[in-house]
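# A closer look at the structure
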Amino acid sequence: MPPPCSLLCRLATLLCVWALCQAQSDTKLPPGTPIIQLRLAGDKHKHYEGRVEVYYNGEWGTVCDDDFSIHAANVVCRELGYVEAVSWSPSSKYGKGEGRIWLDNVHCSGLERTLAQCESNGFGVSDCKHSEDVGVVCSQRRIAGFKFISTLTDNVESLNVQVEDVRIRAISSQRKRVPMTEGYLEVKDGGKWRQICDLEWTEMNSRVICGMYGFPGEKRYNTKVYKLLSKRRKKNYWGFGVNCTGNEASLHGCKLGHKVELRGNATCEKGLPVVVNCVPGRAFAPSHAQGFSKAYRVEQPLVRLRGGANIGEGRVEVLKNGEWGTVCDDSWNLEAATVVCRELGFGSAKEALAGGKLGQGMGPVHMNEVKCSGFEKSLTECYFNRDALGCSHEEDAAVRCNVPAMGFQNRLRLSGGRNPFEGRVEVLAEKNGSLVWGTVCSDSWGTIEATVVCRQLGLGFANNAFQETWYWPGDVSADDVVMSGVRCSGTEMTLAQCLHHGKHLDCPRGGGRFAAGVSCSETAPDLVLNAQVVEHTTYLEDRPMYILQCANEEHCLSSSAAAATSSSYRRLLRFSSQIHNNGLTDFRPRAAHNSWIWHECHRHYHSMEVFTHYDLLSFNGTKVAEGHKASFCLEDTQCEEGIEKRYECANFGQQGITVGCWDTYRHDIDCQWIDVTDVVPGDYIFQVVINPNFEVAESDYTNNVMKCRCRYDGHRIWMYNLKSLKLNHLYIYLKPTT
């Protein structure tokens, strides 16, 4: 049961919404109340936030942050049609406004119908500067039944569009199409859906609408069909036109067009209701075979998203000179984020994220102070400052994009869990001509498959994959297995896109208690290897077998070591590895402390039997030498400034890697090598893979692999550059054992 304070807060919110609904039903304000209009302006990261601007006496102005409070913010947001305020920001967070500072020392109770009813110094009475302009962040939820009321007799075109909701309503022949790309545009105002007259409608307006619905572009439609339909349908037009520049992230960022004279059936006599026709990105484009392409693929190789839980979100990374790097969040806004989203085949940006919110990258910061018009084909076409001095990965920019509604969540569910983020996986499948719910066979079920399930349901990252779910009693009628042999690559948008057996099921253990299950999490760790440390610490060493007995017991030497005499030598390629956790959650071993394995020879615990793979490969991918490193000691060797170490192996302590910290395996400890004794001279590929068996879920597995070329002449090894594969003149000579 929620605490009493929480109930009181909810009650207060409901009262406030009720008060606004009363205001909507009775628009008359007390005599003498100044007539104002509000809008949110400035440099935004979301369309429902911005600098508070007030239209009064024929002029737009701002509000000073002196004495402003969350109660005042609530009044502002509700006046704009949002349910409530989330927060407010002082000191011109959204940039300095212009013109008059209309209000100062604003005091609101929170129940006022308009900001003009709140106590203040009076309009135009202020000792503030625009460096004190206040901003607000509103809830995304709109007030049900909200009706836009213009108090302006002129200059209505300076107002933003404020409606309860927006939709594309397909005609009957298009309603079963997924995704729905074409139909009448309707806005909900005063609780009723209304059409917009197309007399002043432009392609730029359609571009914004399509972006809202997850589509990167718009195209023409067949006007003949809609002219015929328009004659048969009763129309209910909205009283305003719309004027978008084309770079807005949503309709709420557009300005109102001219007022439309509402004359019943005679309204918009020379025009028709607006129709939009959108172009989907390649990942969502309908195909004759499956309705959409098989797996998500980026369309532009110069920009990519990493670290996001869902399709269409992630840290922005740019390819420059053969090396991926990040973008600094200085001046990062919705226009720049929207360029990224459209470039990758999504719609406009829902949110431009700053401060490494979706994890920190590695390598260089390629772009800083990015400024886009919103019409660039690629982020690389935008103006930016090439000097990224002062930018760290704590300032990595990220995006959340609008993606098309594909209905994926309707074909999958979690059943029996203690909360919505866990449970037995149940799939809606066709059986004997009808759709039924059933379970997924848990044979070969793992973290990658669980990741796809969590993504499909919009529940974030996979936390665990379960091959037994007897403790989650699901729907008994859904016990039968309807899907088996599931193997995913991790890039799929739905479980159905993964490889599976189809109609010919094969699941010896059956469903029920052995059905597949998952638990999901909104955050995840992200391990990244520091490649430079590997390069700078690599050397060859000849080491006698008599001091390698423990390593041999733990299978850290090649198979020929089993027949080697104690006086013989093994040639070892040694190096250090520094593994960073750049995610949003600590990396912890999957196994509980009480199940860790004790190794008597080295006298330590293994919390993960295999934590890294070290391999030497031929150019055709064949392993010519290999090694592995068990995570007997996962700990915080060092952390970034301001972050405290949490994990230490001393005294058999808890193991893990804290966010913002790294674990260093030094070159001089056992098993930190590849045994190259039997390798013949030649050219090879040197590869390191972290968390190779996907034992622990991460936000991004693509950065777990480090590769470079190497050349071995029997006495020394030298490495090629890890990214561009150009020779970097790093020579590694044989280091004798002392």
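Residues numbered from 1 in each chain as written. Predicted model: local features only at pLDDT ≥ 70, side-chain atom pairs only at ≥ 80, totals over all residues. Heavy atoms only, no water.

## Things to note about the state of the cysteines
By definition, a disulfide links two cysteine residues through a covalent bond between their sulfur atoms. The tally for this structure, following the rule as stated, stands at 14 disulfides. One disulfide in the model links Cys488 with Cys498; its S-S distance is 2.0 Å. Residues Cys488 and Cys498 are joined through a disulfide that is right-handed, its torsion about the S-S bond being 105°. Of the two residues, Cys488 sits in the loop between strand E25 (481–483) and strand E26 (517–521) while Cys498 sits in the loop between E25 and E26, which places them 10 residues apart along the sequence. Looking at Cys488, the relative accessible area reads 13%, which means it is buried. For Cys498, a relative accessible area of 3% gives the class buried. Here Cys708 stays free of any disulfide, with the sulfur of Cys710 as its closest cysteine sulfur at 6.2 Å. The class for Cys708 is buried, based on a relative accessible area of 3%. (Disulfide = S-S within 2.5 Å. Helix = DSSP H or I, 4+ residues; strand = E, 2+ residues; numbered from the N terminus. Buried < 20%, exposed > 50% of the residue type's maximum accessible area, 1.4 Å probe, protein only.)

## Section: unusual backbone geometry
The residue after Val178, namely Pro179, is reached through a cis peptide bond having omega -5°. Tracing the sequence through the fold places Pro179 in the loop between strand E7 (165–169) and strand E8 (182–189). Of note in the backbone geometry, Cys268 takes a positive phi value of approximately 55° without being a glycine. The class of Cys268 is buried, set by a relative accessible area of 10%.

## A short note on the confidence of the model for the chain
Looking at the chain, the pLDDT average stands at 85 and 89% of residues meet or exceed 70. The low-confidence segment residues 1–5 (pLDDT under 50) makes 3 contacts with residues lying over four places distant or belonging to another chain. Low pLDDT, under 50, characterises residues 723–738; the stretch is placed with 44 contacts to residues that sit more than four places away or in other chains. (pLDDT = per-residue confidence, 0-100. Contact = heavy atoms within 4.5 Å.)

## Considerations on the packing of aromatic side chains
Evaluation of the coordinates by the stated rule reveals 18 aromatic pairs. Seen from their ring centres, Phe466 and Tyr471 are 6.3 Å apart, and the 80° between their planes marks the pair as edge-to-face. Through a chain of ring-to-ring contacts, the aromatic side chains of Phe466, Trp470, Tyr471 and Trp472 assemble into a single cluster. Between Arg142 and the ring centre of Phe146, over which it is positioned, the NZ or CZ distance is 5.8 Å. One residue, Arg304, lies across the ring of Trp324, its end atom 4.1 Å from the ring centre. (Phe/Tyr/Trp six-rings, centres within 6.5 Å; stacked < 30°, edge-to-face > 60°. Lys NZ or Arg CZ within 6 Å of the ring centre and 35° of its normal.)

## Thoughts on helix H3 (residues 203–212)
The buried fraction of H3 is high, at 8 of 10 residues. Within H3, the full set of buried residues consists of Asn205, Ser206, Arg207, Val208, Ile209, Cys210, Gly211 and Met212. The elements touched by buried residues of H3 are E7, E8, strand E10 (217–218), strand E11 (240–243), strand E13 (275–279) and helix H5 (334–343). Once H3 ends, the next one or two residues include Gly214, with phi positive near 90°.

## A word on empty space enclosed by the protein
In this approach a probe as big as a water molecule rolls over the atoms, and the regions it shows empty are the leftover space. For the structure shown, the criterion picks out 2 cavities of 30 Å³ or more. A volume near 100 Å³ is recorded for the largest cavity. As for the largest cavity, its lining consists of Arg39, Leu40, Lys44, His47, Leu80, Tyr82, Arg142, Asn160, Val161, Gln162 and His252. Each residue belonging to the lining of the largest cavity can be placed in one class, and the counts come to 4 nonpolar, 4 polar and 3 charged. (1 Å grid on protein atoms, 1.4 Å probe; cavity = no way out; pocket = protein on both sides within 12 Å on 5 of 7 lines; lining within 4 Å. Points joined across faces, edges and corners; volume = space filled by probe spheres on them. Nonpolar A, V, L, I, M, F, W, Y, C, P; charged D, E, K, R; others polar.)

## Observations concerning the pattern of salt bridges
A side chain of one charge can pair with a side chain of the opposite charge if their charged atoms are brought near each other. Overall, the coordinates contain 34 salt bridges when judged by the stated rule. A salt bridge links Asp586 to Arg646; the nearest nitrogen and oxygen atoms lie 2.6 Å apart. Separated by 60 residues along the polypeptide, Asp586 in the loop between strand E30 (577–581) and strand E31 (597–599) and Arg646 in the loop between strand E35 (638–639) and strand E36 (661–665) bring together distant segments of the chain. Classification of Arg646 by relative accessible area gives exposed; the value is 57%. (Salt bridge = Lys/Arg side-chain N within 4 Å of Asp/Glu carboxyl O.)

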